[in-house]
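Observations on the three-dimensional arrangement
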Amino acid sequence: MKFRKHGGDGGGKVEVNMAAMIDVVFQLLIFFMLTLKILAPEGDFNINMPLGAVGTPDPTQTPPMDLKVTLQANEDGTLNQLFFGGRGLGNDFPACFERLNFEIAQVAGSGQATGEDIEVEIKPDYNLHYRYIVRAISACRGRMVGNKMITYIEKIKFAPIERPGG
Amino acid sequence: MRIKSAKPTIVEADMTPMIDMTFQLIAFFMIVTNFEQTQADERIKLPTDRLARPPLQARETEVVLNIGFLRNSDGSKADPNAYIFYGGDPIPVLDYGPRLKREYELSKRQYGEEKAKDITVVIRADSDVPTGLVQELIKMGQESNFSKFALKAKSGEDGAE
């Protein structure tokens, strides 16, 4: 039997055609480049809101210590006055929220109640800009020390809606 | 004198470094591409806060609502009223109740009642949106049987927008 000799001089170099692979790789590269969206990371704050009027409290359960933060707005939606309880903390944004954070820290650290027993109710004016609410929630939630978050209060809720003129 | 016969030579460029680089670029783009935030609408200018951190455990299911303003190319408001951007359509916030109800019904059919109640309604609102509208949206969500709500903010130094 006669065997056919491959190649002229024995161990020939087998060349793989790379063109197809390079084509696909470039297409993938272009796809990923075009679909890339550079977005800042986002975080969120959980929030609650009672439905309608406040119901009768359950006598068997200890009610959480209620703190009230009120945000009054100017006509253009900017902050007019920030209140903690009945006390005004000013409207010098963002320093007033630093003061709120300090007050909340005092309450949370006073030992009157643990962070889980305290609930903050935020009562904003209808037309107040959302940025102030985020700042108020943040001031009540805690503070950052370096890269670590210290939580003061977990439970934060909105007061029932107060529509303008009723 | 002997003259060497000049054979035609084929110059083969070494493609290996280029292919290496290309693969590295693909790997980079694959890692940095974020397919998860596809529900985020770029028209919304979220407020920034230091405490806003992405949740440690990603939620299985959530309903994302983007509330913002129609803006001109220079960023100024084209319309003072806030809208919910649902796909490409701006919908007045107070008209969104029936859609939320439909969303809940669909989720109930898809995941069951137990899981549908666990769905978080994530509100991405523009910095200038009136808070009353955010509250109205939460109320509409509660009326549609949703019970968990979260407000979004951009992570970063306070006030950097």
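Residues numbered from 1 in each chain as written. Chains lettered and ligands numbered in written order. Predicted model: local features only at pLDDT ≥ 70, side-chain atom pairs only at ≥ 80, totals over all residues.

1. What to know about the overall build of chain A
What counts, and what does not: Only DSSP runs of H or I with at least four residues qualify as helices, and only runs of E with at least two residues qualify as strands; both kinds are numbered from the N terminus onward. The exposure scheme places C-beta atoms from the backbone and then counts, for each residue, the other C-beta atoms within 10 Å of its own, assigning buried at 20 or more, exposed at 12 or fewer, and partly exposed in between. Whether two residues are in contact depends on their C-beta atoms, placed from the backbone: they are in contact if these lie within 7 Å.
Assigned secondary structure in chain A consists of 3 helices and 8 strands. Looking at chain A as a whole, 26% of its 166 residues qualify as buried. A separation of at least 24 residues holds for 61% of the contacts in chain A among residues at least 6 apart in sequence.

2. Regarding the packing of helix α2 (residues 95-109) of chain A against helix α3 (residues 130-141) of chain A
Residues and elements named next belong to chain A. Rule in force here: An axis is simply a line fitted to the C-alpha atoms; with a helix, the fit covers only the stretch in contact. Between two such axes, the angle follows the N-to-C directions and lies from 0 to 180 degrees. Here roughly perpendicular refers to angles of 65 to 115 degrees, roughly parallel to angles under 35, roughly antiparallel to angles over 145, and oblique to all remaining angles. If you view the pair so one helix is near and one far, a crossing is left-handed when the near helix is turned anticlockwise from the far one by less than a right angle, and right-handed when it is turned clockwise. Only Asp, Glu, Lys and Arg are considered charged in this grouping, and only Ala, Val, Leu, Ile, Met, Phe, Trp, Tyr, Cys and Pro are considered nonpolar; every other residue, Gly among them, is considered polar.
Axis separation between α2 and α3 bottoms out at 8 Å; the angle between their running directions is 30 degrees. By the angle between their axes, α2 is roughly parallel relative to α3. Regarding α2 and α3, the two cross each other, and that crossing is right-handed. Residues Phe 97, Leu 100, Asn 101 and Ile 104 of α2 form the contact with α3, whose participating residues are Arg 135, Ala 136, Ala 139 and Cys 140. When its residues are assigned to classes, the contact of α2 with α3 shows 6 nonpolar, 1 polar and 1 charged.

3. Let's talk about the environment of Lys68(A)
All names here are of chain A. Relative to the assigned elements, Lys 68 resides in strand β2 (residues 65-73). With 14 C-beta atoms counted inside 10 Å, the residue Lys 68 sits in the partly exposed group. When the C-alpha positions of Lys 68 and Met 18 are compared, they lie 69 Å apart, and in sequence the two are 50 residues distant. The contact partners of Lys 68, leaving out residues within four places of it in the chain, are Gly 85, Glu 121 and Lys 123.

4. Concerning the environment of Val25(A)
Tracing the sequence through the fold places Val25(A) in helix α1 (residues 19-35). Separated by 97 residues in sequence, Val25(A) and Ile122(A) have C-alpha atoms that sit 54 Å apart. In contact with Val25(A), other than residues within four places in its own chain, are Thr22(B), Phe23(B) and Ile26(B).

5. Digging into the interface of chain A and chain B
Applicable threshold: Pairing between strands is defined by DSSP: at least two bridges between the two strands are required.
In this assembly, 43 residues from chain A lie in contact with 47 residues from chain B. Only α1, β1 (42-47), α3 and β6 (142-145) of chain A provide two or more residues apiece to the side of chain A that touches chain B. Of the residues that constitute the side of chain A that touches chain B, the class distribution is 28 nonpolar, 8 polar and 7 charged. With 6 bridges connecting them, β1(A) and strand β6 (residues 148-155) of chain B associate as antiparallel partners. Looking at the pairing, Ile47(A) lines up with Phe149(B) of β6(B).

6. What to know about the confidence of the model for chain B
Should the pLDDT be low somewhere, the predicted coordinates at that spot are not to be read in detail. We apply this condition: Values of pLDDT, the confidence the predictor places in each residue, fall between 0 and 100.
Scored by pLDDT, chain B comes out at a mean of 84, with 89% of its residues at no less than 70. In the model of chain B, helix α3 (residues 113-117) of chain B stands out as the element of lowest mean pLDDT, 84, in contrast to helix α4 (residues 131-143) of chain B, which has the highest, 91.

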